[in-house]
Every structure is written in C-alpha cells, then in structure tokens.
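Structural description and commentary
Letter by letter, the chains look like this.
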Amino acid sequence: MVQAPPTDWPSLRRRRLGGEIAIVLGLSLGASAVYSIVSLVAKLTADTSLASQSTSLNAAQSTREWLDFTYQALAIVFDLVPVLLVFYLLAISGGNPFRRLGFDLHSPVKDTGRGLLLVLVIGIPGIALYFVGRAAGITVNVVPAPIDAYWWTVPMLIASALRAALTEELIVVGYLFTRLRQLGWQTWQIILSAAVLRGSYHLYQGIGPFFGNVVMGIVFGWCYTRWGRTMPLVIAHWIIDIASFVGYAWAVATFPDLFRLP
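Residues numbered from 1 in each chain as written. Predicted model: local features only at pLDDT ≥ 70, side-chain atom pairs only at ≥ 80, totals over all residues. Heavy atoms only, no water.

1. Brief notes about the overall build of the protein
Along the backbone of the protein there are eleven helices and two strands. The secondary structure elements of the protein, listed N-terminal to C-terminal, are α-α-β-α-α-α-α-β-α-α-α-α-α. What you see for the protein is a C-alpha radius of gyration of 20 Å, in line with the 18 Å of a compact globule of 262 residues. Seen along its three principal axes, the alpha-carbon backbone of the protein occupies a region of about 65 × 45 × 40 Å. Within the protein, the proportion of its 262 residues that are buried is 45%. Within the protein, contacts between residues at least 6 apart in sequence are counted, and of these 78% link residues at least 24 apart. Carbon and sulfur atoms make up 69% of the accessible area of the protein, which amounts to about 13900 Å² in all. Side-chain charges of the protein comprise 18 positive and 13 negative groups, with the mean position of each set lying 12 Å from the other. (Helix = DSSP H or I, 4+ residues; strand = E, 2+ residues; numbered from the N terminus. Rg over C-alpha atoms; globule rule 2.2 N^0.38 Å. Buried < 20%, exposed > 50% of the residue type's maximum accessible area, 1.4 Å probe, protein only. Contact = heavy atoms within 4.5 Å. Areas by Shrake-Rupley, 256 points an atom, 1.4 Å probe, with all protein chains shown as cover. Lys, Arg positive; Asp, Glu negative; His and termini not counted. Charge placed at Lys NZ, Arg CZ, Asp CG, Glu CD.)

2. Brief notes about the packing of helix H7 (residues 153-182) against helix H8 (residues 187-200)
The description of two helices packed together rests on the angle between their axes and the distance between the axes. Here H7 crosses H8 at 145 degrees, and the two axes come no closer than 10 Å. Of the two possible hands of crossing, H7 and H8 adopt the one that is right-handed. Here Glu168, Glu169, Val172, Val173, Leu176, Phe177, Leu180 and Arg181 of H7 come into contact with H8, specifically with Ile190, Ile191, Ala194, Leu197 and Arg198. (Axes fitted to C-alpha atoms, helices over the stretch in contact; angles between N-to-C directions. Left-handed = near helix turned anticlockwise from the far one by under 90°.)

3. Side note on the side chain of Ser200
Relative to the helices and strands, Ser200 resides in helix H8. Residue class for Ser200 comes out buried when judged on its relative accessible area of 13%. Apart from the residues lying within four places of it in its own chain, the contact partners of Ser200 are Ala33, Ser36 and Phe210.

4. Quick notes on H8
Taking 1.5 Å of rise per residue, the 14 residues of H8 would be expected to cover 20 Å, and the 20 Å separating its terminal C-alpha atoms lies within 8% of that figure. Regarding H8, the residues found buried are Ile190, Ile191, Ala194, Ala195, Leu197, Arg198, Gly199 and Ser200. (Expected span 1.5 Å × (residues − 1).)

5. Structural notes on a nonpolar patch on the surface
Taken together, the side chains of Leu74, Val77, Phe78 and Val81 present a nonpolar region at the surface, about 370 Å² in accessible area. No other element matches helix H3 (residues 65-79), which puts three residues into the nonpolar patch. Following the sequence through the fold, Phe78 ends up in helix H3. (Patch = residues over 30% accessible without salt bridge, like charges linked within 9 Å, V, L, I, M, F, W, Y side chains within 5 Å. Salt bridge = Lys/Arg side-chain N within 4 Å of Asp/Glu carboxyl O.)

Function cannot be inferred from these measures alone, as they are strictly geometric.
Here's what the structure looks like:
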C-alpha cells in the first residue's frame, strides 16, 4: 500500500478535521440551523405578519398520555447521541474529553457561581429582548411548554432544558472551539462564528432571537476562552431554559396580554 508522503499529513489532517466537524454539525445543530433558515423564510413569505405567528417548543406528540411521554423521552435520548459522539471523537484523539472541555466536577462551587452570574447577565436581558422583539414585530410568539400538564410534564421540561444545554454548550462551544483551534482559527474568529451558528438555529423564532442568541454566543464563547470550562455554561443555559419552560404557564396566567397574538 502506498502511503502519503509526510509533507501531506498536515493538509490531510485538516481535511479530516473539517470533514469531522461537518458530520457532527450535520447530525446536530448545523442541521437545525438549516431548518431554521427555511422556517424563517416560510414565515416571512406567509400571508400573516411575523408577529402574528407562533412556534411551539416541547409540544405534545400524541393525544395519548403514555405515547406522548414515550415520544418526548425518546426525542431527548436520541438528541443527546451527537453529544456522546463528540466525547468519543475527542477521546480517540487523545486525552480525557471531559477534562478537556471542562465538563467535570473539579470545581463545582466556582462553576455554579459563574453559571448563576451568566444567568443574571444573559437570562434576564434575554427575556426583556424577547418582549421587545414581540413589540417590534420581529419575533414570533414562542410557546415553550404545553399549558395542560400531566404529572410528568415538569420533569420532562427540566430534562428537555438539560438536553438543550448539553447539546448547545458541549457541541457549539466545547467541541467546536477545540477543533477550530486545531485548524488554526484565531480566538475571535471562533467566538463570532460559533455565535452566528447559535443565532442561526434559533431563526425559527424570528429575527429578534437571532441577534439575542448571537450576543449570548459571544458572551458564552468569551467566558469559555477565559475559564476553559463548559460546566458554567451548561449550568447557566439549563437554569435559563428551566425558567422559560416551567415558568411559561405561570407567566401566561399572570400576564396574558404579553402573550396574546396581534
């Protein structure tokens, strides 16, 4: 068998890393970004205005309770497979992938404190930005959770929030930052590219959430380059999504005018 000359290995390694990134994103949030772009185009070209349209998260999958539970549980499990793939790919390339991404219990108190700080910096302004976008007509009405709940609805919403936190922070930040550094990208190139990707797979919610998530991506990316740990990002994202998912029914009942379509 003819082997490639040693001088070809750097370019071959770059091509393999590029192909690996494309496969991982194609199986996860890259595909979500493409679908979100198509969804936004569909919304913008519809007969109704963007502000008059809705999109649902964590919607019921069946009118039968046991089947709804099964579908939602399976969706969470299979959506986490790309995260396992990321850890596997990082493991076979050398080193402990959990320590490499800072996703371990090495410093739980510090990670939790940093996570709570990010909730204050990103979570509260993000909610305000959503309502500003609704008022400006550039954000669709997002329904993050069903109003009619079963006994398992809240635990399922908490699990769904964890699914989103793990998928986004471990793939878009931890994995992508690691691989793009290996390809020779500069720090701010990586931060901005990952932030735009984060905004892109939220485009189904409208133009406002795109910019809000780009800002979130910049802040989270900068923090990751400073701290070298994804754990605070996962904690912050999980708390923000729990507040959004679980608190939705209470918010609709308390502030109905804010959630009413034009």
